[in-house]
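Results of the structural survey
One-letter residues, chain by chain:
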Amino acid sequence: MNEVATVGDLARTLIFRRRNADVRSEIDRLTKEISTGRKADLPAALSGDFTVLASVERDIRSLAAYGTATTELTARASAMQTMLGTIQDQTDKFIPQLLAARGTNQQSYTENLAEEARVKMDSAVSALNTNFGGRTLFAGAAVDGPALADADVILAAVEAAVAGVAADAATVEAEVAAWFAPGGGFDTVGYIGSANPVGAQPVSSTQSLSINITAEDTRLREILSGIALAAMADRPPLAGTLSEQTELAEMAGTALLRSQTGLSTLRGEVGAVEAELDSVVTRNGAEETALRITRGELADADIYDSSTQLEAVQTQLELLYAITVRSSELTLTRFL
């Protein structure tokens, strides 16, 4: 303020106005920083070089996109795990009933098992046709349609395949196994999804993941084959032949028991993808935290420092007003 004492009234007025404008501008800057949390004059703070900040912002946006992909894949894997678990639980409980068929030696018991097998088939097909988030889980790249034909269609085709064979359980078992094997009727009638898997999704800057499991997987074919075998127990050519029916039911129980290992392995593969996704999410989270810290150092304002400066500038403004008032009241009498 020394310059004020050495100039005339007009010049002093101009100095006060200029200083008032400077202080108000500083108040506006600090107020903006406090309200937005960002530096008001970013070009000055970065010395005009936005290269690093732009790179950080781009990486943060990329991580957000990867976050969407990992969330989708995690939810998809969880849904697949649930459906496979449902199939395993239902067939696991069915196995002891099938293995007990020969011991009961009752026509009604065996026929009830066949009827229950048809219910199990419908449940398994429904599980494998599950649509999650508008995308079918087990249909490969054909995510907009079912993976399998209806259970009734599959069982009708299997029944037609075994209707003309010899009336013994071993022959029926071989025919059902052939129908579900690669190249059999399952490929043309049962599985109606895509032979191509769903494409891998980028989940980080260096990694892509996918869950390449479809309803035509051999281990799922074995489950469906075992259920279908049990469903044939009261159908031609074994209808009315109790000994062959009970033997077929026992064969179905043994086949399903054998298939549980493959199904557990399949669920383990989905679990491995889930575990990898967890690791990716953790790594991406750590990277995003580091990037946000860097961005903060580059572009974020120090709220405490800005608040302190604002208080000081407001004090300057009040002092400036006081000086202006005192200056305007000066007279020769008061000066003398």
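Now for a quick tour of the structure. (Residues numbered from 1 in each chain as written. Predicted model: local features only at pLDDT ≥ 70, side-chain atom pairs only at ≥ 80, totals over all residues. Heavy atoms only, no water.)

1. What about the overall build of the protein?
Convention followed: Secondary structure elements follow DSSP: runs of H or I no shorter than four residues count as helices, runs of E no shorter than two count as strands, and numbering proceeds from the N terminus. Think of it in three bands: with a 1.4 Å probe and only protein chains considered, a residue is buried below 20% of the maximum accessible area for its type, exposed above 50%, and partly exposed in between. We call two residues contacting when some pair of their heavy atoms lies within 4.5 Å. All accessible-area figures derive from a Shrake-Rupley calculation using a 1.4 Å probe, and residue coverage is judged against the displayed protein chains alone.
The secondary structure content of the protein amounts to twelve helices and four strands. Classification of the 336 residues of the protein by burial places 41% in the buried group. The contacts in the protein between residues at least 6 apart in sequence include a share of 76% that link residues at least 24 apart. Accessible surface computed for the protein: about 17200 Å², of which carbon and sulfur atoms make up 54%.

2. Structural notes on the environment of A114
By secondary structure assignment, the location of A114 is in helix α5 (residues 107–128). A114 sits in the buried class, given a relative accessible area of 0%. Through-space distance from the C-alpha of A114 to that of A231 is 4.2 Å; in sequence the pair is 117 residues apart. Ignoring anything within four residues of it in the chain, the contact list for A114 reads A230, A231, A233 and D234.

3. A closer look at unusual backbone geometry
Following P236, the chain continues to P237 via a peptide bond in cis, the omega torsion being 10 degrees. If you trace the backbone, P237 turns up in the loop between α9 (218–231) and α10 (242–299). Of note, N105 is a non-glycine position whose phi angle comes to about 55 degrees, a positive value. In this structure, N105 sits in the loop between α4 (101–104) and α5.

4. Comments concerning the packing of helix α3 (residues 51–99) against α9
To be explicit about the condition: To obtain each axis, a line is fitted to C-alpha atoms, and for helices this fit is confined to the stretch in contact; angles are then taken between N-to-C directions over 0 to 180 degrees. To sort the angles, those under 35 degrees are grouped as roughly parallel, those over 145 as roughly antiparallel, those from 65 to 115 as roughly perpendicular, and the leftovers as oblique. Left-handed describes a crossing in which the near helix is turned anticlockwise from the far one by less than a right angle; the clockwise case is right-handed. For this classification, Asp, Glu, Lys and Arg are treated as charged, while Ala, Val, Leu, Ile, Met, Phe, Trp, Tyr, Cys and Pro are nonpolar and the rest, including Gly, are polar.
The contact between α3 and α9 brings their axes to 12 Å, and the two run at 40 degrees. In terms of axis orientation, α3 runs oblique to α9. Between α3 and α9 lies a crossing whose hand is left-handed. When α3 is examined against α9, the residues L84, I87, T91, F94 and L98 are found in contact with a partner set consisting of L220, I223, I227 and A230. In terms of residue class, the contact of α3 with α9 is built from eight nonpolar, one polar and no charged.

5. Structural notes on the layout of surface pockets
For the record, the criterion: Think of a 1 Å grid over the protein atoms and nothing else: a 1.4 Å probe that fits but is trapped marks a cavity, an open set flanked by protein within 12 Å on at least five of seven lines marks a pocket, and residues with an atom within 4 Å of a point count as lining. Grid points are joined across faces, edges and corners, and a volume is the space filled by probe spheres set on the points.
Computed from the structure, the largest pocket encloses a volume of approximately 280 Å³. Lining the largest pocket we find 15 residues, and of these A177, E222, S225, A255 and R258 sit closest to its centre. Taken together, the elements giving at least two residues each to the lining of the largest pocket come down to α7 (169–180), α9 and α10. For the lining of the largest pocket, the element with the highest residue contribution is α9, accounting for six residues. Of the residues that constitute the lining of the largest pocket, the class distribution is seven nonpolar, four polar and four charged.

6. Brief notes about the pattern of salt bridges
Defined as follows: By definition, a salt bridge exists where a carboxyl oxygen of Asp or Glu is found within 4 Å of a side-chain nitrogen of Lys or Arg.
Evaluated as defined, the whole model comprises 14 salt bridges. With its nearest N and O atoms 4.0 Å apart, the salt bridge here joins R58 to D59. Among the residues examined, D59 registers a relative accessible area of 26% and is labelled partly exposed. For R235, the salt bridge is made with E159, and the minimal N-O distance between the two is 3.3 Å. Here R235 is found in the loop between α9 and α10, whereas its partner E159 is found in helix α6 (residues 151–162), with 76 residues between them in sequence. Overall, the relative accessible area of 24% leaves R235 in the partly exposed class. Given the relative accessible area of 27%, E159 is considered partly exposed. Through salt bridges with shared partners, a single ionic network connects E115, R118, E159, D234 and R235.

7. Structural notes on α9
To be explicit about the condition: Expected span of a helix, by definition, is 1.5 Å for each gap between consecutive residues, and there is one gap fewer than residues. Any pair of N or O atoms that falls within 3.5 Å is considered a polar contact. Within protein, one atom must be able to donate a hydrogen and the other to accept it, and sequence-neighbouring residues count only if both atoms are side-chain atoms.
Relative to the 20 Å expected for 14 residues at 1.5 Å per residue, α9 spans 20 Å between its end C-alpha atoms, a close match to the ideal helical length. Counted residue by residue, α9 has twelve buried out of 14 residues, so it is predominantly covered. The N-cap residue of α9 is D217: its side-chain oxygen and the backbone nitrogen of R219 are 2.9 Å apart.

8. Considering the packing of α6 against α7
Relative orientation of the contacting elements α6 and α7 amounts to 130 degrees, with a least axis distance of 9 Å. As far as their axial angle goes, α7 and α6 are oblique. As α6 runs across α7, the sense of the crossing is right-handed. Here I154, A157, V158, A161 and V162 of α6 come into contact with α7, specifically with V172, E175, V176, W179 and F180. Of the residues belonging to the contact of α6 with α7, the class tally is nine nonpolar, no polar and one charged.

Read these as geometric descriptors, not functional statements.
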